[in-house]
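# Notes for the structure review
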Amino acid sequence: MEEKNYITPAGHERIKAELLQLLNLDRPEVVKVVHWAASNGDRSENGDYIYGKKRLREIDRRIRFLNKRLEFAVVVDNSARKSGDADAEQIFFGASVTYSSLEGKDAGKETTITIVGVDEVDLEKNHVSWVSPIAKALIKARLGDCVSIQTPNGHAEIEILDVQYL
């Protein structure tokens, strides 16, 4: 049995959009090319046919993967925290957290990360997976808490400066 795939509503929509793109546009287009190439005769040296079949396998593999990810997806909605109905100062999945290192060469440097699902990780945007070491250390902490995290350079202490649910 597959474990749950926690995902934000935006991430869920992106995966569904990619799946629909593959099913409704990309795959039918490649099928037409393969059909046309097959009708040309000799398939053993037909580049359009060989490449088309390879591309079709890649598309089908990606469709199966996305279907599996969506099958086990658990969309986490933080609307109660956004509206103030729930505690918005405690860190959970979907939070954007600003923290500052308390020691070392990065002391005082502020960093903002967003805790997202494993399918949504984007380090350029500072989106980290909920199973990453930094996210595991931050989850359930509160605004103003100091948290110890394990880094490649050893233990580090960070202070949580801001928590937002976007």
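Preceding block: the structure.
Every value quoted in this text rests on a predicted model; they were computed, and no experiment measured them.

### As for the side chain of Gln90
Looking at the secondary structure, you find Gln90 in the loop between helix H3 (79-83) and strand S3 (95-101). A distance of 3.0 Å separates a polar atom in the side chain of Gln90 from the backbone oxygen of Lys140. Setting aside anything within four residues of it in sequence, one finds Gln90 in contact with Arg81, Lys140, Ala141, Arg142, Val163 and Tyr165.

### Let's talk about the side chain of Ser101
Checked against the element boundaries, Ser101 lands in strand S3. For Ser101, a relative accessible area of 14% puts it in the buried group. Those residues in contact with Ser101 that sit more than four places away from it in its chain are Asp106, Ala107, Gly108, Lys109, Glu157 and Ile158.

### Here's the deal with the nonpolar core
A general tendency of soluble globular proteins is for nonpolar side chains to be buried together. Ile91, Ile134, Leu138 and Ile160 are the most contacted members of the largest nonpolar core, which has 18 residues in total. Only S3, strand S4 (110-116), helix H4 (133-138), strand S6 (146-151) and strand S7 (154-165) provide two or more residues apiece to this core. Sorting elements by how many residues they give to this core places S7 first, with five residues. Excluding its chain neighbours within four sequence positions, the residues that come into contact with Leu138 are Ile91, Val97, Ile113, Val147, Ile158 and Ile160. Counting residues in hydrophobic clusters, the runner-up holds 15 residues, among them Val34, Ala38, Leu56 and Ala73.

### As for the layout of surface pockets
When its volume is computed, the largest pocket comes out at roughly 660 Å³. Along the wall of the largest pocket there are 24 residues; nearest its centre are Tyr99, Asp106, Ile149, Thr151 and Ala156. Within the residue set of the lining of the largest pocket, elements represented by two or more residues are S3, S4, H4, S6 and S7. In terms of residues, the lining of the largest pocket owes the most to one element, S7, which gives four residues. Taken as a whole, the second largest pocket spans an internal volume of roughly 450 Å³. As for the second largest pocket, its lining consists of 27 residues, and the residues nearest its centre are Thr8, Ala10, Gly11, Arg14 and Glu120.

### Description of helix H2 (residues 47-71)
Compared with the 36 Å implied by 1.5 Å per residue over 25 residues, the 36 Å span of H2 between its first and last C-alpha is a close match. Where H2 is buried, its residues contact strand S1 (5-7), helix H1 (9-38) and strand S2 (73-75). Sitting at the amino-terminal end of H2 is Asn46, which places a side-chain oxygen 3.2 Å from the backbone nitrogen of Asp48.

### Brief notes about the sheet that holds S6
If you trace the five strands from one edge of the open sheet to the other, you get S5-S4-S3-S7-S6, paired in mixed fashion. The strands lining the two open edges of the sheet, one partner per strand, are strand S5 (127-129) and S6. Averaged over all pairs of adjacent strands, the angle between strand axes in this sheet comes to 45°, irrespective of strand direction. As paired strands, S3 and S7 are joined by seven bridges and run antiparallel to one another. Across the sheet, Tyr99 pairs through a bridge with Ile160, a residue of S7.

### Describing the environment of Val97
Following the sequence through the fold, Val97 ends up in strand S3. Remark: the alpha-carbon pair of Val97 and His155, spanning 58 residues in sequence, is separated by 19 Å. Apart from the residues lying within four places of it in its own chain, the contact partners of Val97 are Ile91, Thr111, Thr112, Ile113, Leu138, Ile160 and Asp162.

Each value, and the rule that gives it
- Residues numbered from 1 in each chain as written.
- Predicted model: local features only at pLDDT ≥ 70, side-chain atom pairs only at ≥ 80, totals over all residues.
- Heavy atoms only, no water.
- Helix = DSSP H or I, 4+ residues; strand = E, 2+ residues; numbered from the N terminus.
- Polar contact = N/O pair within 3.5 Å; in protein donor to acceptor, adjacent residues only side chain to side chain.
- Contact = heavy atoms within 4.5 Å.
- Buried < 20%, exposed > 50% of the residue type's maximum accessible area, 1.4 Å probe, protein only.
- Core = buried A, V, L, I, M, F, W, Y, C linked by side-chain atoms within 4.5 Å.
- 1 Å grid on protein atoms, 1.4 Å probe; cavity = no way out; pocket = protein on both sides within 12 Å on 5 of 7 lines; lining within 4 Å.
- Points joined across faces, edges and corners; volume = space filled by probe spheres on them.
- Expected span 1.5 Å × (residues − 1).
- Pairing = 2+ DSSP bridges.
- Axes fitted to C-alpha atoms, helices over the stretch in contact; angles between N-to-C directions.

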